[in-house]
Structure formats: structure tokens, C-alpha cells
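What the coordinates show
Chain residues, written in single-letter form:
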Amino acid sequence: MSAAVLEMTARTSAAERLADFARVTTDDVDEAAEQIGRIFCPHDLKPVRPRGPGFSARHNCAAFDGFSINYVAYGGSVSIDPGCLERFFLVQVPLTGTARIRAGVGEIDAAPGRTASLLSPTIPTRMMWNDCAQAILLLDRRMVEQRAAALSGRAAGPVEFDAAIDLDAPAGQALQTSVAELMRLAERLGPSGRLSPVAMADWREVLLDHLLNGQRHGLSDAIRRFSGQAERLPRALRAARDHLAENAGEPLDLAQLACASGIGVRALQLGFRRHFGVSISEMLLDMRLAALHARLAQASPDVSITEIAFDLGFTHLGRMAGAYREKFGETPSATLRRRMS
């Protein structure tokens, strides 16, 4: 081990996390770029002072299903240019040092306890790290975009977040706490440990909720509107939506829905359009599609897509498959294959 790496080990030993998950430990710039690029994505890595002492790189990574928790540290000042991340979202929580991050046309200064960053896969990014170590949460792009589609009533597509996370705000504090808890969990499990499918699913739900309901992004307003949060929802519409969700597997009965809500059918139809931005039948379809996606994402190997679809109230499998592809960008069988792979 080189003198620079030994020096960094001494300097960061108290802060280093996920030590049993070491992937990269080097003081060679090209080796760091190549090896870390394999884990994240190809990127340009340059020390600010090419001939100056002190460069070192460390990357520890604990991978789960759809997300990973990482500890990344650079000794010295380095510029990192990954361009567009393409395949994933990154939540970067500074532990030591500072980082200046340019995402698109915006620029933020990240520092421990003050500001973290959230990088979107479609926004070009450049960073400058100064003796910086960060806890980094990586989330699969498809997983985030498909959940955003389920929550917003829109077709799956790019989701772009505001890059700055205020760690003094409640949402930022909650996200930082979950990142820290996930890191501690990985350390307790160790490289040979495994989360149960139920625990894995619970963690995915927690992380997706922190991002899509806690951080500002391009679909935030659509999600708030579709869930009825954008304005004070009339009691009748709230009752109708809840009744629809509780009986989503049953054929749509407008008279029964109106009775449950306490208002007439026409008022109900107009209310859904005004407050949710969709018709009653469109919301029901979206509820069923979201439920199908959630079931397939956690399915066992012997699951029958047809049985799940009928159980959720679909009666025409061809139309179901077409609507599913339009919303999530893939067929139900493709979602299941990814779950099984």
C-alpha cells in the first residue's frame, strides 16, 4: 500500500464506513477512474494539482436489489465529470470535506450537516471534491421512474430533481437519517449477509417515498394533484377515492361509488376531473396498474401474471398489457423477468 493511501487511511479511519465492502483503494488516478467507473459510470477524473501529493481514492459499496449504499472518499482536490449518469439517481451526503456540484445550469456547495446533493440521470453533472468523503445512495433509474409514474398518473419518463438537499429541513433530515440507517444495517449484515425479500421491499418503499414525496422534482405537482394533496380535498371526493382504492378489484359501479361519496354521479365525475385531473375510470385503471407493478416487483418465481391480473380486476389481458407498457415502458413479463434475474 502506498504512502498516500496509508496517509489517507490514518486521516479518515474514524470516518470511514463500509470498510468490509472495499472495492477500490488506490493513489493512482487512472486506476481510480477506471475502477470506480465500473461501479458507477465512466467519468473523467482529474486532480486539481496533477503533480501535487495527496491524491487517493477509496470506494466501499454494499449492493442491494435496486439500490446500493456507498462510501466514497478522495484525498486532495479532484474534479469529477460523469456527464449524464444515465442509469441511476445518486443521493450524496457529505461526511467530511466539501464538494461543489454543477447539475445542469445550477450550482450547489455541499457540506456536512448543511447541504447534500441529488443527481438525476438526465442532467449533466460536474463536481469538485476537496478532501471529501460522502455516503452515496444509488437508486436504479427505472425503479424511480416507474414509481413516479404510479404515483402521478402519468406514463413513465424522465424524473429530474432539484439537486440541492437542505439537511436542515425535515425532509432532508429524514433522508439523511435513512441513508445512515441503511449504512449501519449493511455494516451489521457484512458482505455475506442478506436482507429478506420483505425487508428489501420495505427499504425500497422508504427510499422511494423520501425521494418522490420528500424532494422537489418535475412530477411533484402531478403527484400531489393525483393524490388529492394539491388543495383541500372535499370530503365526498376523498370518500370516493378511498372507496375506489378499497374495491379496485371489482367492476366499476358509478351508482355505488356515488352512494359511498354522498353526491351524485355527475358531480363525482366533474370533481375527479377538477381535483385529480383524470376521469374515474382512468384513476381506477391507474390504481390497478400500480398494484400490478408492485405485485410483480415482489413476485415469487411461480407467480402467474394472468392470475394476478384477474385478481386485480383486469378482464382483458391484451388491453391490460398495452396499458402497462404505455405506463411503465415495458411488458408485465419484462418486469417479472427483471425481478427474477
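Residues numbered from 1 in each chain as written. Predicted model: local features only at pLDDT ≥ 70, side-chain atom pairs only at ≥ 80, totals over all residues. Heavy atoms only, no water.

**Side note on the packing of helix α3 (residues 141-152) against helix α5 (residues 197-214)**
For clarity, the threshold we go by: Simply put, an axis is a line fit to the C-alpha atoms, just over the touching stretch for a helix, and the angle between two N-to-C directions goes from 0 to 180 degrees. By the criteria applied, helices consist of DSSP H or I runs no shorter than four residues and strands consist of E runs no shorter than two, each listed in order from the N terminus. Should an angle fall under 35 degrees it is taken as roughly parallel, and over 145 as roughly antiparallel, whereas 65 to 115 is taken as roughly perpendicular and any remaining angle as oblique. The handedness criterion is simple: a crossing whose near helix is rotated anticlockwise from the far helix by less than a right angle is left-handed, and one whose near helix is rotated clockwise is right-handed. In what follows, a contact means two residues having at least one pair of non-hydrogen atoms within 4.5 Å. Ten residue types, Ala, Val, Leu, Ile, Met, Phe, Trp, Tyr, Cys and Pro, are classed as nonpolar, four, Asp, Glu, Lys and Arg, as charged, and the remainder, Gly among them, as polar.
At a minimum axis separation of 11 Å, α3 and α5 run at an interaxial angle of 70°. Taken together, the axes of α3 and α5 lie roughly perpendicular to each other. When you trace α3 past α5, the crossing you get is right-handed. Between α3, through Met143, Val144, Arg147, Ala148 and Leu151, and α5, the contact on the second element is made entirely by Arg204, Glu205, Leu208, Leu212 and Asn213. Grouping the constituent residues of the contact of α3 with α5 by class yields six nonpolar, one polar and three charged.

**Description of a negative patch on the surface**
Definition in use: The patch calculation keeps residues exceeding 30% relative accessible area without a salt bridge and links them within 9 Å when they carry like charges or within 5 Å when they are nonpolar (Val, Leu, Ile, Met, Phe, Trp, Tyr). All accessible areas in this document rest on Shrake-Rupley with a 1.4 Å probe, and a residue is counted as covered only by the protein chains that are shown. A carboxyl oxygen of Asp or Glu within 4 Å of a side-chain nitrogen of Lys or Arg is what we treat as a salt bridge. Only four residue types enter the tally: Lys and Arg on the positive side, Asp and Glu on the negative side; His and the chain ends are excluded. In this description, the location of a charge corresponds to atom NZ of lysine, CZ of arginine, CG of aspartate or CD of glutamate.
Residues Asp27, Asp28, Asp30 and Glu31 make up a contiguous surface patch of negative charge. Assignment of secondary structure puts Asp28 in the loop between β1 (22-26) and α2 (29-39).

**Digging into the nonpolar core**
What counts here: Side-chain atoms within 4.5 Å are what join buried Ala, Val, Leu, Ile, Met, Phe, Trp, Tyr and Cys residues into a set we call a nonpolar core. Each residue gets one of three labels from its accessible area relative to the maximum for its type: buried under 20%, exposed over 50%, partly exposed in between, using a 1.4 Å probe on protein chains only.
Residues Phe64, Ile69, Val91, Leu139 and Leu182 are the most contacted members of the largest nonpolar core, which totals 40 residues. Counting residues per element, the ones that place at least two in this core are β4 (67-83), β5 (88-103), β7 (115-119), β8 (125-140), α3, α4 (170-189), α5 and α6 (220-226). Core analysis: the second largest hydrophobic core is formed by 32 residues, Val24, Ala57, Leu90 and Ala99 among them.

**What about the side chain of Thr335?**
Here Thr335 is to be found in helix α13 (residues 332-340). Take Thr335: its relative accessible area is 3%, and that puts it in the buried class. The contacts of Thr335, once residues within four sequence positions are left out, are His293, Leu296, Ala297, Tyr324 and Glu330.

**Focus: unusual backbone geometry**
Positive phi, close to 55°, is recorded for Leu18, a residue that is not glycine. Mapped onto the fold, Leu18 is located in the loop between α1 (3-12) and β1. In this structure, Glu86 is a non-glycine residue whose phi angle is positive, near 70°. Residue position: Glu86 is located in the loop between β4 and β5.

**Concerning the confidence of the model for the protein chain**
Using the following cut-off: Think of pLDDT as the predictor's per-residue confidence, scored from 0 to 100.
Per-residue pLDDT for the protein chain averages 89, and the proportion of residues at 70 or more is 92%. Within the protein chain, no element has a lower average pLDDT than α1, which sits at 40, and none a higher one than β7, at 98. pLDDT under 50 marks residues 1-14. Its contacts with residues more than four places away, or in other chains, come to 21 contacts.

**Some details on the pairing of β7**
What counts here: The criterion for strand pairing is that DSSP finds at least two bridges linking the strands in question.
Along β7, five of the five residues are buried, which leaves the element largely enclosed by surrounding structure. By the alternation rule, side chains of β7 split into Thr115, Ser117 and Leu119 and Ala116 and Leu118, which are all buried. In terms of strand pairing, β5 meets β7 through three bridges, oriented antiparallel. Across the sheet, the residue bridging to Leu90 is Leu119, located in β7.

**Observations regarding the packing of aromatic side chains**
Worth spelling out the cut-off: Stacked, edge-to-face and tilted are the three classes for Phe, Tyr and Trp ring pairs, Trp counted by its six-membered ring, which pair at centre distances within 6.5 Å; planes under 30 degrees apart are stacked, over 60 edge-to-face, the rest tilted.
Tallied over the full model, the rule gives seven aromatic pairs. On the numbers, 6.1 Å between centres and 45° between planes, the contact of Phe40 with Phe88 is tilted. Separated by 48 residues along the polypeptide, Phe40 in the loop between α2 and β2 (44-47) and Phe88 in strand β5 bring together distant segments of the chain. A relative accessible area of 9% places Phe40 in the buried class. Centre to centre, the rings of Phe64 and Phe67 are 5.3 Å apart; their planes meet at 20°, and the pair counts as stacked.

**Concerning the pattern of salt bridges**
Taken as a whole and assessed by the stated rule, the structure comprises 17 salt bridges. Linking Arg126 and Asp81 is a salt bridge whose minimum nitrogen-to-oxygen distance equals 3.8 Å. Pair noted here: Arg126 is in strand β8 and Asp81 is in strand β4, with a separation of 45 residues, a long-range link. Overall, Asp81 belongs to the partly exposed group, its relative accessible area being 29%. Each of Arg100, Arg102, Glu107 and Asp109 takes part in one network of salt bridges that share partners.

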